[in-house]
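Residues per chain are reported as follows:
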Amino acid sequence: MSGQFAAAANTQTDGLGRIALSSGYWLTVLIAWLAANDALRRVQATTWARYLYWLTVLAGLAGLLAHGTLDSLSLLKEFANRQDDFWRALGQHIHIITLVTFFTLVMGLPLGVAIHRHPAWASRVFPLLNLVQTIPSIALFGLLIAVLAWFGKLFPLLPAWGLQGIGLAPAVMALTLYSLLPLTRSTSEGLSQLPKALTESGKAMGLSNSQLFWQVELPLAFPVILSGLKVMLIQTIGLTAVAALIGAGGLGSLMFEGLFSSALDLVVLAVIPIVVLTWLANGIFIMLTAISRQWIRG
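I will try to describe carefully the structure that is included in this document. Since this is a predicted model, take the numbers as computed values, not measurements.

1. Observations concerning the packing of helix α8 (residues 168-192) against helix α10 (residues 209-239)
- Where α8 meets α10, the closest approach of the two axes is 8 Å, and the angle between their N-to-C directions is 155°. Compared by their axis directions, α8 and α10 come out roughly antiparallel. Regarding α8 and α10, the two cross each other, and that crossing is right-handed.
- Classifying every residue of the contact of α8 with α10 gives 14 nonpolar, 7 polar and 1 charged.

2. Let's talk about the nonpolar core
- The biggest cluster of nonpolar side chains holds 30 residues, and the ones touching the most others in it are Phe 86, Leu 229, Leu 233, Ile 237, Leu 251, Leu 254 and Met 255.
- Of all the elements in the fold, those that place two or more residues in this core are α4 (74-117), α8, α10, α11 (251-260) and α12 (264-297).
- When residues in this core are grouped by element, the largest group, 8 residues, is from α10.
- Residues contacting Leu 251, with those up to four places away along its chain left out, are Phe 86, Ala 89, Leu 90, His 93, Ala 270, Pro 273 and Ile 274.
- Val 132, Leu 144, Ala 171 and Val 172 belong to the second-largest nonpolar core, a separate cluster that totals 15 residues.

3. What to know about the side chain of Ser 179
- For Ser 179, the location among the structural elements is in helix α8.
- Relative accessible area serves as the criterion here: at 1%, Ser 179 is assigned to the buried category.
- If we ignore the near neighbours within four places in the chain, the residues touching Ser 179 are Val 100, Thr 104, Met 232, Gln 235 and Thr 236.

4. Focus on the packing of aromatic side chains
- Under the defined criterion, the tally for this structure stands at 5 aromatic pairs.
- Arranged with centres 6.1 Å apart and planes meeting at 25°, the rings of Phe 256 and Phe 260 form a pair that is stacked. Taken together, the residues span about one helical turn, with Phe 256 and Phe 260 both in helix α11 at a distance of 4 residues.
- Judged by its relative accessible area of 16%, Phe 256 falls in the buried class.
- With a relative accessible area of 66%, Phe 260 lands in the exposed category.

5. Focus: α8
- The terminal C-alpha atoms of α8 lie 36 Å apart, and with 25 residues this matches the ideal 36 Å at 1.5 Å per residue to within 8%.
- The element α8 is extensively covered by neighbouring structure, given that 19 of its 25 residues are classed as buried.

6. Looking at the side chain of Arg 82
- Locating Arg 82 in the fold gives a position in helix α4.
- At a separation of 3.1 Å, a polar atom in the side chain of Arg 82 contacts the side chain of Glu 257.
- Setting aside chain neighbours within four positions, we find Arg 82 in contact with Leu 254, Glu 257 and Leu 266.

7. Considering the pattern of salt bridges
- Scanning the model with the defined rule gives 6 salt bridges in all.
- Two residues, Arg 42 and Asp 38, come together in a salt bridge whose shortest N-O distance is 2.7 Å. Here Arg 42 and its partner Asp 38 are both found in helix α2 (residues 23-42), 4 residues apart, which amounts to about one turn of the helix.
- On the accessibility criterion, Arg 42 (61% relative accessible area) is exposed.
- Asp 85 is paired through a salt bridge with Arg 88; the nearest N and O atoms lie 2.8 Å apart. Taken together, the positions of Asp 85 and Arg 88, both in helix α4 and 3 residues apart, correspond to about one turn of that helix.
- For Arg 88, a relative accessible area of 54% puts it in the exposed group.

What counts and what doesn't
Residues numbered from 1 in each chain as written. Predicted model: local features only at pLDDT ≥ 70, side-chain atom pairs only at ≥ 80, totals over all residues. Heavy atoms only, no water. Axes fitted to C-alpha atoms, helices over the stretch in contact; angles between N-to-C directions. Helix = DSSP H or I, 4+ residues; strand = E, 2+ residues; numbered from the N terminus. Parallel < 35°, antiparallel > 145°, perpendicular 65-115°, else oblique. Left-handed = near helix turned anticlockwise from the far one by under 90°. Nonpolar A, V, L, I, M, F, W, Y, C, P; charged D, E, K, R; others polar. Core = buried A, V, L, I, M, F, W, Y, C linked by side-chain atoms within 4.5 Å. Buried < 20%, exposed > 50% of the residue type's maximum accessible area, 1.4 Å probe, protein only. Contact = heavy atoms within 4.5 Å. Phe/Tyr/Trp six-rings, centres within 6.5 Å; stacked < 30°, edge-to-face > 60°. Expected span 1.5 Å × (residues − 1). Polar contact = N/O pair within 3.5 Å; in protein donor to acceptor, adjacent residues only side chain to side chain. Salt bridge = Lys/Arg side-chain N within 4 Å of Asp/Glu carboxyl O.

Listed below in structure tokens is the structure:
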């Protein structure tokens, strides 16, 4: 109905009008979403059933978009005018998230294992990682800009390799520092909660430390590690938008452009993919956690 009304109004204004969904509409959608979640919880729907339901809803919305029913809404007009910029920003956003996830895994998992094997390190490492969490993102970006600019003057090859004061490098470094705490802590706690008798039994069976880690400890700690990885990824998806302020690009570039020019449709156009990416990441990790727990029990 909203699409039909917008199409009629668009015809009357010869395509010059802008018909946007009101705040009341978005509030109604939020209430409907909460009511649907509550109903699924009351009927004790499984995780798979819940996400199948929401995927069906998204498929219906995708069908409306593909059919062109909503093309006359101002949000879709904004997308039509900026779709090249939108896809470029979305690709860059995912690129930053991928790099941050890679570097966090490379650094966070070994650090968590090391803290598990040397518990005394926890009192030194975790206060530092907690301190990073207290630093505002803009301040940390600014600090890294200064550090990288200084290193760029000392080593002229660094800017040629992309390690310069603004852009992708400080954004990935700052987001990786923010992401280390949840993954490192979940890895350490996941391994520490395993019964000592289990480790002793593995050693009694002749397993080496490496075999014991890969075949026993890591699979059993995997659900807890996944929970930390989920927190890290969801946090990174949101914080990546702020990285646009230092020239890293991403959906934040569209969002801040819309804020600075009072173009609310452009802001919404940038925010919706961030919300969808967060929702998808949360759903994927919930299902992965359920699968891993069933696999351990089996």
